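Understanding the architecture of this molecule
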Amino acid sequence: MECLCAISHDQLYSYSSSDSNSSSDEEEESMSEGEMARLMEEVEEKKKLIANIRNKPWRMKRRLTHLKEAQEFVDKFEGALGKGKGRKWYAYKVMMTKKWIKFQRDFENFRTACIPWERKIKEVESHFGSSVASYFIFLRWMYGMNLVLFGFTFGLVVIPEVLMGLPYGSIPRKTVPRAEQDTAQDYSVLMDFNGYCKYSVLFYGYYNNQRTIGLLKFRLPLSYLMVGIGTFGYSLMVVIRTMAKNADVGGGDGEEGEFTFAWKMFTSWDYLIGNAETADNKYASITTSFKESIVDEQENQKDENIHLRRFLRVLANFLIICSLGGSGYLIYFVVKRSQEFANRDDLSWYEKNELEIIMSLLGLVCPPLFETIAELEDYHPRIALKWQLGRIFALFLGNLYTFLFALFDEVNTKLDEEQAIKNASIWAMKEYYANYSRLVNDTMVTPPPMDPADVIRGPCWETAVGIEFVKLTVSDIQVTYLTILIGDFARAVIVRFLNYCWCWDLEAGFPSYGEFDISGNVLGLVFNQGMIWMGAFYAPGLVGINVLRLLSSMYYQCWAVMATNVPHERVFKASKSNNFYMGLLLLILFLSLLPVVYTIMTLPPSFDCGPFSGKQKMFDVIMETIDLDLPAFMGTLFSYAANPGLIIPAVLLMVLAIYYLNSVSEAYKNSNMELKKKMQMARDEEKNRRNNTDSTNQVMKDLEDLLPNRSLAPPPEPEKKPEPEPKPAKTKARSAGNGVNLQKDVSLASPNPNARGPVSQPPGPRGHGPPGPGPGRGRGRGAPPR
Amino acid sequence: MGNKQTTFTDEQLEAYQDCTFFTRKEILRLHGRYRELAPHLVPLDYTNSPDIRVPLSLIVSMPELKENPFRERIVATFSEDGQGNLSFNDFVDMFSALCETSPRELKTIYAFKIYDFNRDSFICKEDLKQTLNKLTKGELTPEEVTLVCDKAVEEADLDGDNKLSFADFENMISKAPDFLRY
């Protein structure tokens, strides 16, 4: 055995032949089937031990010794087990497993080393606690997802077009029209994403509709459509997987208030705090929280005027619905105005960007407004936070969808325009040829194609939509950054430096330093992502812009939070809220999916721009591919699959499956409830027995009442069964614990004459069976010691 | 494996990786931090596993533990001599149990040991009083302290012995939403 230890680790992995061979040869005769099986079992056990050894609460030295022993045992006998025919194969299998485990471990090491910004986030965490850090972790996760989406879009759509497609200026859709060429390079025009920006890879209109491009016959239109759909598919998969992982760790769900004090005592401290000021705040908030609970425990809740409270809540909700409606109408109005503006040319900067400014302002002003109105409602902070989040969500959603509807109006107008322009451009082309042949005086010569800049261009609604989304995103970024700069940084500077010459203490009093608004920031992030999802199909460059934005956001906000914010005064953790934000993200994903799918399915693509130009519907590209690229039988297969006769049964089957799964999960939930109730009942019984009080369970009470009266009966037999004899009116005396024939525990606490102080006397025999809940400190009963 | 470090043999690193939740890089970093606490005491070369212990006072000065009200208890729980002097094995053990990837059950076991001040395998009212005073820095009045401790025991105690055994503690903690970070 010693020689095995001395071998270096790498050699241990390989199947060492000589040593185990000789030892196994000797044992070969003495091993029988049963012994082999037993040995195999032992080896498996040792292997399991090695895998789980880090989960055992042992001292490290003990773990190391056990690990070594287990590894030696496994190595020694693994060779012995691979006997007979399968020996070589078994040894090979063992070696491959070892190599696989080693590879997995190295890969894990590599993966953890790759996670960015770990140190930065930990620093924020130690200063501000885990709730603020959870925002940054969420930001990092979003960054990862966007990076993958960017990789797809860039690699499969942009790069092929740039490398293998036609260059700028060769065809009409890739060229700036003659009329715009003078201003195409102006900064203001570029900032509006017109001019050269509009006719670049950033937007849908640039892409050519050639079926295959380049040597590799890359099918760009198909790839464009697939990437668009794949974006949603990938995002959906990632969000659901993360939600499932979070739900897993959620742990049990105790009812609110079941273990109030115990939890406050053992789980309130945030072990990640490393900063003295945060620690002080945390101490203060824990103390306050204890005091509040103590007061709650001692006093009955004052029965406030419940009618007044209800009225105030209804009033508050009414006001908020009014403001939501108002903001929706405002956006609609502004979009209509921007359509009028589109026809004029002399626009001030404000008028050009009015829509984006108004939307961002609404997002800034309304949430604090909601918070002030919510003061009327007087809810517990955690519930109030949920209401606040719900309202902000409704606000953003309403705004986004109003914006979308207004955009649709615009799209329809453009579609109408298109028809007229199509005719006009064909006419212009004919004229051009006629003029040319007239000039050259030769009708047989084919005229050179018209200069791309001169071709009459269609309105290209997809690019217009893409531009709108990009402008919205950019203005959103600008507003966010400006808010942080002014709302947090300038405020901090003013408070710090003006404090020397101001009447009241700025730091403690009115403005003071800002706190980090977690929910506002997270919602902003979620909605930003929704806009990206909606706009990415029409503006492939949008994902790249978002990646840059998230990257800079991370650094900027980390700096801002460390430099200008103070830790929250009232630290309460909405601990399950991680899944809440993921749920929001999922909802937004679906809502962003809808417009895109609708446009792909129903609206006809523009006739002269984008990868789908010339087709009736965008998804015709798929039909084309099936017809031309795939072998014939696949085409027939798909046509069968698309048959309604097949689809309807499939949908029916899925509905049935959902129904089945639903009922199975209901059944599990019910059995869970039953088990919980049983446990609860057992606990209550134990408690009541200890406190010498009546059983609070009605069933148990009735059962007890049916039992024979002990004081009347002859000396009790050891086994008592509840007899369904009708009994005269029973006094509570008998029921106080003795009558319960389930009782095994004889030592009951004697009724404590003084209601102050904890029970310090040893449990003694029951002196008298009089009634009365003893000094029992059941919930809310009896005066607590003061 | 490519990197030339002489602190541990490869075998030792593999063994540590099996026994803790850390990766190779993290173990080396831990050793760096351990050494930082007492550079003259802790050698760079750990290949022959020297038996060095760093005293409690140096360990609780680590920024991660400095603000924690239970820092002495945590360190004492993981030390072999019970006084808080940690060898490197204990040091790694402590951080492995407290790290993100360690499971809830393991944390529960150690949490119980940490809160059990008098080490009698029960959390009695005295232990609770000490916990509470550490948490609130003595801001509560004695009556309030007694009330809170009584209520906590009443809530969690299942077998009626007026103190919390491990089973009681585990049952109570397993339902708590705040026990883990996520």
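All figures in this text were calculated on a predicted structure; none of them were measured in a lab.

Re the overall build of chain A
Counting its secondary structure elements, chain A contains 25 helices and two strands. Looking at chain A residue by residue over its 786 residues, the buried ones come to 38%. Across chain A, the fraction of contacts at a sequence separation of at least 24, relative to all contacts at a separation of at least 6, is 74%. Accessible area of chain A: about 45,000 Å², with a carbon and sulfur share of 63%.

Concerning the overall build of chain B
Across its full length, chain B carries 10 helices and two strands. Secondary structure of chain B in N-to-C order comes out as α-α-β-α-α-α-β-α-α-α-α-α. Looking at chain B as a whole, 56% of its 182 residues qualify as buried. Relative to all contacts within chain B whose residues are 6 or more apart in sequence, the contacts with residues 24 or more apart total 50%.

Overview of the interface of chain B and chain A
The partner chain A presents 74 residues to the 76 residues of chain B that form the contact. In total, chain B and chain A occlude about 6,900 Å² of area from one another, counting both sides; carbon and sulfur atoms represent 57% of this. At the junction of chain B with chain A, the criterion picks out five salt bridges. Residue A:Asp280 is joined to B:Lys137 by a salt bridge in which the shortest nitrogen-to-oxygen separation is 3.4 Å. Among the elements that line the side of chain B that touches chain A, the one with the most residues is helix H9 (residues 142-156) of chain B, at 10 residues. Residues of the side of chain B that touches chain A, tallied by class, amount to 34 nonpolar, 13 polar and 29 charged.

Topic: the nonpolar core
Generally speaking, nonpolar side chains in soluble globular proteins are found buried as a group. All names here are of chain A. Counting residues in hydrophobic clusters, the biggest one holds 96 residues, and the most contacted among them are Phe136 and Phe537. Top contributing element to this core by residue count: helix H16 (residues 381-440), with 13 residues. Contacts of Phe136, omitting those with residues within four sequence positions, involve Ile121, Val124, Phe516, Met554, Gln557, Cys558 and Val561.

Remarks on the environment of A:Trp461
Residue and element names in this part refer to chain A. Mapped onto the secondary structure, Trp461 falls in helix H17 (residues 461-498). Along the chain, Trp461 and Val411 lie 50 residues apart, while their C-alpha atoms are 5.8 Å from each other. Once residues within four sequence positions are removed from consideration, Trp461 is found in contact with Val411, Lys414, Leu415, Glu418, Tyr538, Thr599, Leu603, Pro604, Pro605, Ser606 and Met618.

Observations regarding unusual backbone geometry
Residue and element names in this part refer to chain B. Even without glycine at this site, Ser49 takes up a positive phi of about 45°. For Ser49, the location among the structural elements is in the loop between helix H2 (24-37) and strand E1 (53-54). Since its relative accessible area comes to 48%, Ser49 is described here as partly exposed. A positive phi angle, close to 65°, is found at Asn162, a residue other than glycine. If you trace the backbone, Asn162 turns up in the loop between H9 and helix H10 (166-174). The class for Asn162 is partly exposed, based on a relative accessible area of 26%.

Here we look at helix H7 (residues 104-115) of chain B
Residue and element names in this part refer to chain B. End to end, H7 covers 16 Å across 12 residues, agreeing with the expected 16 Å (1.5 Å per residue, within 8%). In terms of burial, H7 is largely enclosed, as nine of its 12 residues are buried. For H7, every residue scored as buried is listed here: Arg104, Leu106, Lys107, Thr108, Tyr110, Ala111, Phe112, Ile114 and Tyr115.

Some words on the pattern of salt bridges
All names here are of chain A. Within this structure, the stated rule accounts for 29 salt bridges over all chains. One salt bridge connects Glu161 with Lys174, and the closest N-O pair in it is separated by 2.6 Å. Linking Glu161 in helix H8 (residues 130-164) with Lys174 in the loop between H8 and helix H9 (187-191), this pair joins segments that are 13 residues apart in sequence. Across this residue pair, the class does not change: Glu161 and Lys174 are buried.

Remarks on the state of the cysteines
Here is the idea: a disulfide is a covalent bond, and it sits between the sulfur atoms of two cysteines. Residue and element names in this part refer to chain A. Across all of its chains, the model carries one disulfide over all chains by this definition. With a sulfur-sulfur separation of 1.8 Å, Cys460 is cross-linked through a disulfide to Cys609. Every disulfide takes its handedness from the sign of the S-S torsion; for Cys460 and Cys609 that torsion is 100°, giving right-handed. Of this pair, Cys460 sits in the loop between H16 and H17 while Cys609 sits in the loop between helix H20 (577-602) and helix H21 (620-628); the two residues are 149 residues apart in sequence, bridging distant segments of the chain. In this structure, Cys460 and Cys609 share a single accessibility class: buried. Note on Cys501: no disulfide assigned, nearest cysteine sulfur contributed by Cys503 at a separation of 9.5 Å.

A short note on the packing of helix H7 (residues 118-128) of chain A against helix H19 (residues 541-564) of chain A
Residue and element names in this part refer to chain A. Where H7 contacts H19, the two axes come as close as 11 Å, and the packing angle between them is 30°. Between H7 and H19, the interaxial angle falls into the category roughly parallel. Seen from above, H7 lies across H19 with left-handed handedness. Contacts between H7 and H19 involve Lys120, Ile121, Glu123, Val124, His127 and Phe128 on the former and, on the latter, Met554, Tyr555, Cys558, Val561 and Met562. Here the residues of the contact of H7 with H19 are counted per class, giving eight nonpolar, one polar and two charged.

Brief notes about the packing of helix H1 (residues 10-19) of chain B against H2(B)
Residues and elements named next belong to chain B. For the pair H1 and H2, the least separation of the axes is 9 Å and the interaxial angle reads 105°. The angle between the axes of H1 and H2 places the two elements in the roughly perpendicular class. Contacts from Asp10, Leu13, Tyr16 and Gln17 in H1 reach Arg24, Ile27 and Leu28 in H2. Of the residues contributing to the contact of H1 with H2, the split by class is four nonpolar, one polar and two charged.

Section: the side chain of A:Thr599
Residue and element names in this part refer to chain A. Topologically, Thr599 is positioned in helix H20. Its relative accessible area of 4% is what places Thr599 among the buried residues. From its side chain, Thr599 meets the backbone oxygen of Val596 in a polar contact 2.7 Å long.

Remarks on the confidence of the model for chain A
Residue and element names in this part refer to chain A. With 78% of its residues at a pLDDT of at least 70, chain A reaches an overall mean of 76. Here residues 1-29 scores under 50 on pLDDT; set against residues more than four positions off or in separate chains, the count is 27 contacts. Under a pLDDT of 50 for its full length, residues 572-576 has, in the predicted model, 13 contacts with residues more than four places off or in other chains.

Side note on the packing of aromatic side chains
Applying the stated criterion to the full structure yields 46 aromatic pairs over all chains. With centroids separated by 6.0 Å and ring planes inclined at 80°, the aromatic side chains of A:Phe403 and A:Phe469 adopt a geometry described as edge-to-face. With A:Phe403 in helix H16 and A:Phe469 in helix H17, the pair connects residues that are 66 residues apart, well separated along the chain. A:Phe469 shares its class with A:Phe403; the two are buried. Of note, A:Lys46 hangs over the ring of A:Phe73, and the distance from its end group to the ring centre comes to 5.5 Å. If you follow B:Arg73 out to its NZ or CZ, it ends over the ring of B:Phe117, 5.5 Å from the centre.

As for the side chain of A:Arg549
Structurally, the position occupied by A:Arg549 is in helix H19. Note on A:Arg549: relative accessible area 6%, which makes it buried.

As for a nonpolar patch on the surface
Residues and elements named next belong to chain A. On the surface, a cluster of nonpolar side chains totalling about 850 Å² of accessible area is made up of Leu482, Leu485, Ile486, Phe489, Val493, Phe497, Tyr500 and Trp559. Considering every element that reaches the nonpolar patch, the biggest residue donor is H17, with six residues. On the basis of relative accessible area, Trp559 is assigned to the partly exposed category, the value being 40%.

Conventions we followed
- Residues numbered from 1 in each chain as written.
- Chains lettered and ligands numbered in written order.
- Predicted model: local features only at pLDDT ≥ 70, side-chain atom pairs only at ≥ 80, totals over all residues.
- Heavy atoms only, no water.
- Helix = DSSP H or I, 4+ residues; strand = E, 2+ residues; numbered from the N terminus.
- Buried < 20%, exposed > 50% of the residue type's maximum accessible area, 1.4 Å probe, protein only.
- Contact = heavy atoms within 4.5 Å.
- Areas by Shrake-Rupley, 256 points an atom, 1.4 Å probe, with all protein chains shown as cover.
- Buried area = accessible area lost by both parts, 1.4 Å probe.
- Salt bridge = Lys/Arg side-chain N within 4 Å of Asp/Glu carboxyl O.
- Nonpolar A, V, L, I, M, F, W, Y, C, P; charged D, E, K, R; others polar.
- Core = buried A, V, L, I, M, F, W, Y, C linked by side-chain atoms within 4.5 Å.
- Expected span 1.5 Å × (residues − 1).
- Disulfide = S-S within 2.5 Å.
- Axes fitted to C-alpha atoms, helices over the stretch in contact; angles between N-to-C directions.
- Parallel < 35°, antiparallel > 145°, perpendicular 65-115°, else oblique.
- Left-handed = near helix turned anticlockwise from the far one by under 90°.
- Polar contact = N/O pair within 3.5 Å; in protein donor to acceptor, adjacent residues only side chain to side chain.
- pLDDT = per-residue confidence, 0-100.
- Phe/Tyr/Trp six-rings, centres within 6.5 Å; stacked < 30°, edge-to-face > 60°.
- Lys NZ or Arg CZ within 6 Å of the ring centre and 35° of its normal.
- Patch = residues over 30% accessible without salt bridge, like charges linked within 9 Å, V, L, I, M, F, W, Y side chains within 5 Å.

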